[in-house]
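# Structure assessment
The chain contents come next:
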Amino acid sequence: MATYENYISKITSQTRKLKIKVVFLRDEDESEAFEFSADLISSSGSVSIQRQNGIRRTCEFSLVNNSGDYLPSYDGGIWWRRKFQVFVGVDVQTSPFLQDIGEEDIYWISQGVFCLENPTVFSNFSSKTVSIRGTDKFSVIDGTLGGETDYIYIIPVGTNVLTAVQEILNVVGDKKVPLFDETLKNEVTPYTIEIPIGSNLSEALIQLAGMVSANIYYNEEGILVFARDEIDDTKPSLFDFSTEDFLYMGASQVYKFTELYNSVLVIGDNINGAIFDWRTQYNNLLSPVSIPNMGFERVKIIDDSNIYTDNLAQLRSEYELKRVVCLQSAIDITSVPLYHLDVDNVITLTDYSMGLNSRRFLINSITIPLTIGGQMSINCVDVTELSFD
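About the cut-offs
- Residues numbered from 1 in each chain as written.
- Predicted model: local features only at pLDDT ≥ 70, side-chain atom pairs only at ≥ 80, totals over all residues.
- Heavy atoms only, no water.
- Salt bridge = Lys/Arg side-chain N within 4 Å of Asp/Glu carboxyl O.
- Helix = DSSP H or I, 4+ residues; strand = E, 2+ residues; numbered from the N terminus.
- Buried < 20%, exposed > 50% of the residue type's maximum accessible area, 1.4 Å probe, protein only.
- Pairing = 2+ DSSP bridges.
- Axes fitted to C-alpha atoms, helices over the stretch in contact; angles between N-to-C directions.
- Parallel < 35°, antiparallel > 145°, perpendicular 65-115°, else oblique.
- Left-handed = near helix turned anticlockwise from the far one by under 90°.
- Contact = heavy atoms within 4.5 Å.
- Nonpolar A, V, L, I, M, F, W, Y, C, P; charged D, E, K, R; others polar.
- Core = buried A, V, L, I, M, F, W, Y, C linked by side-chain atoms within 4.5 Å.
- Disulfide = S-S within 2.5 Å.
- Phe/Tyr/Trp six-rings, centres within 6.5 Å; stacked < 30°, edge-to-face > 60°.

## What to know about the pattern of salt bridges
Any two side chains of opposite charge can pair if their charged atoms end up close together. All told, the structure shown has 16 salt bridges when counted by the stated rule. In this structure, Arg57 engages Glu220 in a salt bridge whose closest nitrogen and oxygen atoms are separated by 3.8 Å. Remark: Glu220 occurs in the loop between β12 (215-218) and β13 (224-227) and Arg57 occurs in strand β4 (residues 57-64); sequence separation between them is 163 residues. Arg57 gets classed as buried once you look at its relative accessible area, which sits at 3%. The salt bridge involving Asp232 is made with Lys235; its shortest N-O contact spans 2.9 Å. Both residues of the pair, Asp232 and Lys235, belong to the buried class. Overlapping salt bridges bring together Arg51, Asp229, Asp232, Lys235, Lys322 and Asp344 as one network.

## Regarding the pairing of strand β2 (residues 32-35)
Two faces belong to every sheet, and in a regular strand the side chains alternate between them. Bridge analysis of strand β1 (residues 18-25) against β2 gives three bridges, and the strand direction is antiparallel. Looking across to β2, one finds that Phe24 is bridged to Phe34. In this structure, the hairpin formed by β1 and β2 is closed by a connection of six residues, where Glu30 is found at a positive phi of approximately 60°.

## Considerations on the packing of helix α2 (residues 161-172) against helix α3 (residues 202-211)
Where α2 meets α3, the axes come as close as 10 Å, and the angle between the chain directions of the two elements is 160°. One element, α2, and the other, α3, form an angle in the roughly antiparallel class. Pair α2 / α3 crosses with left-handed handedness. Between α2 and α3, the contacting residues are Val161, Ala164, Val165 and Ile168 on the first element and Ala204, Leu205 and Leu208 on the second. Of the residues belonging to the contact of α2 with α3, the class tally is seven nonpolar, no polar and no charged.

## Some remarks on the nonpolar core
Membership of the largest hydrophobic core comes to 47 residues, with the highest contact counts inside it found for Phe61, Phe84, Phe241, Leu341 and Ile347. Here this core takes five residues from strand β21 (residues 356-369), the largest share from any one element. Once residues lying within four places of it in the same chain are set aside, the contact partners of Phe241 are Tyr248, Ser335, Leu338, Leu341, Ile347, Thr348, Leu349, Thr350 and Ile378. Membership of the second largest hydrophobic core comes to 32 residues, among which are Ile155, Leu184, Leu205 and Leu208.

## A short note on the state of the cysteines
Under the definition given, this model contains zero disulfides. Cys59 forms no disulfide, and the closest cysteine sulfur to it belongs to Cys115, at a distance of 10 Å. When its relative accessible area of 2% is taken as the criterion, Cys59 is described as buried.

## A word on unusual backbone geometry
Notably, Arg81 is not glycine yet its phi reads approximately 65°, a positive angle. Residue Arg81 is classed as partly exposed on the basis of its relative accessible area of 26%. Not every positive phi belongs to a glycine, and Ser213 is a case in point at roughly 55°. Here Ser213 lies in the loop between α3 and β12. Its relative accessible area of 13% is what places Ser213 among the buried residues.

## So, the sheet that holds strand β17 (residues 274-281)
Sheet architecture is open: three strands sit in the order β17-β16-β18, paired in mixed fashion. Both outer strands of the open sheet, β17 and β18 (299-303), are each paired with one neighbouring strand and no more. Direction aside, neighbouring strands of the sheet carry axes that sit 20° apart on average. Two strands pair when backbone bridges link them, and strand β16 (residues 263-271) and β17 are joined in this way by seven bridges, in the antiparallel orientation. The partner of Ile267 across the bridge, within β17, is Asp277. Those strands touched by helix α5 (residues 310-326) are β16, β17 and β18, and its axis lies near 35° from that of β17.

## Some words on the side chain of Thr350
For Thr350, the location among the structural elements is in strand β20 (residues 346-351). Those residues in contact with Thr350 that lie beyond four places of it in its chain are Phe241, Ser242, Thr243, Leu356, Asn357 and Ser358.

## Quick look at the sheet that holds strand β10 (residues 179-180)
In space, the three strands of this open sheet follow the order β10-β13-β12, with mixed pairing throughout. The open sheet is flanked by β10 and β12, the only strands paired with a single partner.

## Thoughts on the pairing of β1
Bridge analysis of β1 against strand β5 (residues 83-91) gives seven bridges, and the strand direction is antiparallel. Within the sheet, the bridge partner assigned to Val23 lies in β5 and is Gln85.

## Overview of the packing of aromatic side chains
Throughout the structure, instances matching the rule amount to 15 aromatic pairs. Residues Phe24 and Phe36 carry aromatic rings whose centres are separated by 4.3 Å and whose planes lie at 20° to one another, so their mutual orientation is stacked. One end of the pair, Phe24, is in strand β1; the other, Phe36, is in the loop between β2 and β3 (46-50), with 12 residues separating them in the sequence. With a relative accessible area of 2%, Phe24 lands in the buried category. Using a relative accessible area of 4% as the deciding quantity, one classes Phe36 as buried.

Pasting the structure below:
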């Protein structure tokens, strides 16, 4: 049986056997309908993941289309909003004498559930191919592939936030139960949300997340996640990169001084002359861009009339400061692909030429090649910079 421990052992060795699997999913329950991996072109394809609200995952690859089997057709596999799932598998068999790879020898890692976007058909003298692009299921909500409102969509004040999220999922036909933060299940909307005609239902979801400072996105299994940020200091490292390791291919860092802020002021609603606001200052003595170490304060100001208490202003201010401070510690790593890595997780890096000794970084974005011999790109930020004190 393929286990995570077997996978780690194989993925960190210099002899690895990889498999890519792409399957179409049934609309009614997103179970596997059929696989079409045999026609994947092994020299192309990637999955990209961005740590953001809304669409997080995109993918692209090409298929051999010599017989025209993958021409877009409403009653075929390639069609508008058709869902498919991408897996990367690693052969974890331990015996060197086995030549055939069985399903039980493959450790599969899902890279996301996607909706078909704009396929492109190519007919050249030497090849007939179809280029496939997919975006995660948020694309059915944000206007990319649906979610437009032809009526005024209203969520009344006092509505349970979880109920409001589930109702939007029902409207767009997503039957999977969302992963909802337990600490938010009793929250109610502090004001009425009104989405005008011609807008997108995603605007309601983003507002619901914003009012409680939550993240909202689809995970690698195609399930909507609605959750607050976790404490990054306590997250274990998923991998330790080092210049001594063949998996680490290098790194670069851009110091974005033009985007340097170390304070955020959020200005909320004005109710009967009382303005709700909050300023969060960055005083982390371990960071070179903190107010004490820089010797000055540069303030980013955010106006949001939907904020109606000082507590909401504080939550928003801390949320925004965390993101602007991260820009100063962002680093780009190139490595041999490690398919278990995902955004919002921690890795470490030891590279003395960059002044890094087991420094902890939070993954911000990843590009994963769907090719043999491809390189993985990782953008991450220093976990130290995520602490305000």
